[in-house]
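# A structural walkthrough
Here's the letter readout for the chains.
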Amino acid sequence: VLQTMNEYCETPPIIFPLSNPTSRSECTAEQAQSCTGGRAIFASGSPFPDYSVDGNVISSSQCNNRYIFPGLALGSALGQTGVVTNAMINKAAEALVELINDDDLKRRATFPEKADIREISCHLAARVFEQAVEEGIKPANKDMLQALQEGGNQSLKDYIYSKMWYPDYRPLVYLPPGKGE
């Protein structure tokens, strides 16, 4: 199947074996690249190591819920949009592509691999909320709407970051000052 895809595709074949766990994956990154002469654009539901062909590293992206759903949920829930439209879902996917850099493209990564997950979620949330407003949805979160209207995208992102939860745990064992530091 992989060799046939390679043979009949002028452009690099897109191979997305999404089954989990790893032992059930339709193919590995190595198999996909070996059978396509290192041409495949590969993303899977399970983690696989990157693959090298002639000294060039080809990314083996993991394609799952890690990227889209957190940003989509954050934008719609924080914005209190009351609905998630198809256009909002599409906007989240488009926003993810905006974060792919030249290094990612060079390695044929399907997702931004160097970006922080909070940065990704905030960017997607902002785009999702902007889409909701563009569609005429009246968000219940007026503070978020005001941030967008008065300060644009950056002000909206600042607002979103301010509402994110940051884990800050106290130690479980009391250590008097000067002990264990």
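Residues numbered from 1 in each chain as written. Predicted model: local features only at pLDDT ≥ 70, side-chain atom pairs only at ≥ 80, totals over all residues. Heavy atoms only, no water.

On to the confidence of the model for the chain, then. Residues of the chain with pLDDT of at least 70 account for 98%, and the chain-wide mean is 91. Mean pLDDT in the chain bottoms out at strand S5 (residues 61–62), which sits at 84, and peaks at helix H7 (residues 142–163), which reaches 98. (pLDDT = per-residue confidence, 0-100. Helix = DSSP H or I, 4+ residues; strand = E, 2+ residues; numbered from the N terminus.)

On to unusual backbone geometry, then. Cis geometry marks the peptide bond from Asn20 to Pro21, where omega comes out at -10 degrees. The topology assignment puts Pro21 in the loop between strand S1 (14–15) and helix H2 (29–35). Even without being a glycine, Gln80 presents a positive backbone phi close to 50 degrees. Among the structural elements, Gln80 can be located in the loop between helix H3 (68–79) and helix H4 (86–98). A residue is classified by how much of its surface remains accessible, and Gln80, at 42% relative accessible area, is partly exposed. (Buried < 20%, exposed > 50% of the residue type's maximum accessible area, 1.4 Å probe, protein only.)

A few words now on H4. With 13 residues, H4 should reach 18 Å at 1.5 Å per residue; the first-to-last C-alpha distance of 19 Å fits that figure. Turning to H4, its buried residues are Met88, Ala92, Ala95 and Leu96. Down the axis, H4 shows its buried residues gathered within 105 degrees of arc, on one side only. Counted as exposed and oriented over 90 degrees from the buried face of H4: Asn86 and Val97. Check the buried side of H4 and you find it contacts H3 and helix H6 (117–134). (Expected span 1.5 Å × (residues − 1). Arc of directions from axis to C-beta. Contact = heavy atoms within 4.5 Å.)

All right, on to the layout of surface pockets then. Unfilled space is identified by rolling a water-sized probe across the atoms. In this structure, the largest pocket spans a volume of roughly 190 Å³. Along the walls of the largest pocket sit twelve residues, with Tyr67, Ile68, Ala93, Leu96 and Phe111 positioned nearest its centre. Where the lining of the largest pocket is concerned, the elements lending two or more residues are H3 and H4. It is H4 that provides the largest number of residues to the lining of the largest pocket, a total of four residues. Tallied by class, the residues present in the lining of the largest pocket amount to eight nonpolar, three polar and one charged. (1 Å grid on protein atoms, 1.4 Å probe; cavity = no way out; pocket = protein on both sides within 12 Å on 5 of 7 lines; lining within 4 Å. Points joined across faces, edges and corners; volume = space filled by probe spheres on them. Nonpolar A, V, L, I, M, F, W, Y, C, P; charged D, E, K, R; others polar.)

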